[in-house]
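Structure at a glance
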Amino acid sequence: MILVMKSELNRRGFLGGVGAAAIFGANAGTLLAQSTMAPGLAITIDDFDLANSPLMSGEVRDAAIRECLKRHGVQAAGFVSGKFIDPELAPRILRGWSDEGHVIGNHTFSHTYFSGSDPAGFMEDVLVCEPLLSGYASFQKLFRFPYLAEGRTAEGRDTMRGLLAGHGYRNAHVTIDTSDWFVDNRLRARLKDDLGADLAPYRQFYLDHLWERASYYDGLANALFGHSINHTILLHHRLTTALFLSDAIQMFRERGWRIIDADKAFRSAEFELVPQALPAGQSLLWALARTDPQLATGLRYPGEDGKYEAPKMDALGI
Ligand SMILES: [Zn+2]
């Protein structure tokens, strides 16, 4: 409630100057500090499809991702779909994630799209995944909707929210959505044709894409709240992550962003907000902006998709 009020005030321009001190008294220092806060960035990685890719096996790819996180001193969150958990490799990998302090969260067993129909069946799919993850010490009842699809009807959305809460789950929102999976599809297709293909143009496109989307969503955060927030970026357990995540972290740091632990981001107050937008889902910031008359007109749906990136990659011949 307080946040909603703050965002209303921000849009009317009361924050960001001496006015805030007059309105909020003793809290003004905190609010002014927030208004100049550098954006935070937490790494979240979805799916955990551990199939081998060109250049790297699933195991080597995972080792590269975890080594990168360790080197940068950051703890991420992994949202795992049960269908990718084989009896042998996945438990070893998930134990590593847990031992190294990365949060493990639930991403359904089947990775299906939630349209809003059959919430009870969808909840069943969440619960089927739970025992495959709940034995790891770093498991938390954080839930990430596949495709960030939270339902196309108010009834389905709200019933699902009630079911998840009833089972102790919180929505593990994404604030910065990306199409990293599309860049990865293109890269893997290229490597299938030519294992020695030059990675540099793919690396550059990936970094530019992440920066562009992060800047866009941080702009939405500023428009909504009057300040940057602790973001969660959506990436996937794919070759692009294994190859380029370290460069991405370095880029964000060089450009003034704070790289933060995922657990910290999920505890931020903004993640408690409950957007009323339909279709429900997408980035949390997209969903909040969707119900803001001034911001809604500039939004595309879906927020992110390969179709937005394909022409740019085509033009570059990658
Ligand atoms: Zn997914």
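Model, not experiment: these values are computed from the prediction.

What about the overall build of the protein chain?
What the protein chain contains, in helices and strands, is 14 helices and seven strands. Here the protein chain, with 318 residues, has 41% of them falling under the buried criterion. Across the protein chain, contacts joining residues at least 24 apart in sequence account for 81% of those joining residues at least 6 apart.

A short note on helix α8 (residues 180–193)
When the terminal C-alpha atoms of α8 are compared, their 20 Å separation across 14 residues agrees well with the 20 Å that a helix rising 1.5 Å per residue should span. Within α8, burial applies to D180, V183, D184, R186 and L187. Considered in projection along α8, the buried side chains sweep an arc of 165° and stay on one side of the axis. Turned more than 90 degrees away from the buried face of α8 sit A189, K192 and D193, all of them exposed. Buried positions along α8 lie against α9 (200–225), β6 (230–236), α10 (239–254) and α14 (306–316).

Considering helix α7 (residues 154–166)
Residues spaced three or four apart along an α-helix point in a common direction, a consequence of the helix completing one turn every 3.6 residues. Taking 1.5 Å per residue, 13 residues should reach 18 Å; α7 reaches 18 Å between its end C-alpha atoms and fits that length. If you check which residues of α7 are buried, you get G156, R157, M160 and L164. Looking straight down α7, one finds its buried side chains confined to an arc of 100°; they lie on one side. Away from its buried face, by an angle of more than 90 degrees, α7 presents the exposed residues A154, E155, G162, A165 and G166. Contacts from the buried residues of α7 go to α6 (119–133) and β4 (139–143). Looking one or two residues beyond α7, the residue adopting positive phi is G168, at roughly 85°.

Here's the deal with the nonpolar core
Ranked by internal contacts, the top residues of the largest apolar core, which has 70 residues, are I43, I104, A221, L224, I233, A262 and L285. Counting residues per element, this core draws most heavily on α9, at 10 residues. For I43, the residues in contact, after removing those within four places along its chain, are L69, V74, A76, I233, L235 and A262.

Comments concerning the pairing of strand β2 (residues 77–80)
Along any regular strand, the residues point their side chains to alternate faces of the sheet. Residues A77 and F79 line one face of β2 and the alternating positions G78 and V80 line the opposite face, and both faces are buried. Remark: the strand β1 (residues 40–47)/helix α4 (residues 58–71)/β2 crossover connection has right-handed handedness. Here β2 pairs with strand β3 (residues 103–106) via four bridges, running parallel. Counted as the bridge partner of F79 is G105 from β3. The handedness of the β2 to β3 crossover, carried by helix α5 (residues 89–99), is right-handed.

Quick notes on the pairing of β3
Both faces of β3 are covered, namely the face carrying V103 and G105 and the face carrying I104 and N106. In terms of strand pairing, β3 meets β4 through two bridges, oriented parallel. Across the sheet, residue N106 finds its bridge partner in β4, namely F143. On the question of chirality, the crossover connecting β3 to the parallel β4 by way of α6 is right-handed.

A word on the confidence of the model for the protein chain
Residue-level pLDDT values for the protein chain average 91, and 89% of them are 70 or greater. Note that pLDDT drops below 50 for residues 1–29; the model gives that stretch 25 contacts with residues more than four away or on any other chain.

As for the environment of K83
On the secondary structure map, K83 appears in the loop between β2 and α5. Sequence separation of K83 and H107 is 24 residues, and the distance between their C-alpha atoms is 9.9 Å. In this structure, K83 is in contact with F109, S110 and H111, ignoring residues within four places of it in sequence.

Digging into the environment of A310
For A310, the location among the structural elements is in helix α14. Residues A310 and F182, spaced 128 residues apart in sequence, show a C-alpha to C-alpha distance of 8.3 Å.

Focus on the packing of α4 against α10
The angle between the axes and the distance between the axes are what describe a pair of packed helices. Two elements in contact, α4 and α10, have axes whose closest approach is 8 Å; the angle formed by their N-to-C orientations is 25°. The angle between the axes of α4 and α10 places the two elements in the roughly parallel class. Crossing hand, α4 versus α10: left-handed. Contact with α4, carried on its side by R61, A64, I65, C68 and R71, involves L239, T241, A242, L245 and S246 of α10 and no other residues of that element. When its residues are assigned to classes, the contact of α4 with α10 shows six nonpolar, two polar and two charged.

What about unusual backbone geometry?
In this chain, L278 is followed by P279 through a cis amide linkage whose omega measures -10°. Topologically, P279 is positioned in the loop between α11 (262–266) and α12 (284–290). Of note, the amide linkage connecting Y301 to P302 takes the cis form, showing an omega dihedral of -5°. Within the secondary structure, P302 sits in the loop between α13 (293–296) and α14. Although it is not a glycine, F48 sits at a positive phi angle of roughly 65°. Residue position: F48 is located in the loop between β1 and α4. By the C-beta count within 10 Å, which is 23 here, F48 ends up buried. Located in the positive-phi region is Y147, a residue other than glycine, with phi close to 60°. For Y147, a count of 13 C-beta atoms within 10 Å gives the class partly exposed.

The rules behind these values
- Residues numbered from 1 in each chain as written.
- Predicted model: local features only at pLDDT ≥ 70, side-chain atom pairs only at ≥ 80, totals over all residues.
- Helix = DSSP H or I, 4+ residues; strand = E, 2+ residues; numbered from the N terminus.
- Buried ≥ 20, exposed ≤ 12 C-beta atoms within 10 Å, placed from the backbone.
- Contact = placed C-beta atoms within 7 Å.
- Expected span 1.5 Å × (residues − 1).
- Arc of directions from axis to C-beta.
- Core = buried A, V, L, I, M, F, W, Y, C linked by C-beta atoms within 7 Å.
- Right-handed = clockwise from strand over helix to strand, strands pointing away.
- Pairing = 2+ DSSP bridges.
- pLDDT = per-residue confidence, 0-100.
- Axes fitted to C-alpha atoms, helices over the stretch in contact; angles between N-to-C directions.
- Parallel < 35°, antiparallel > 145°, perpendicular 65-115°, else oblique.
- Left-handed = near helix turned anticlockwise from the far one by under 90°.
- Nonpolar A, V, L, I, M, F, W, Y, C, P; charged D, E, K, R; others polar.

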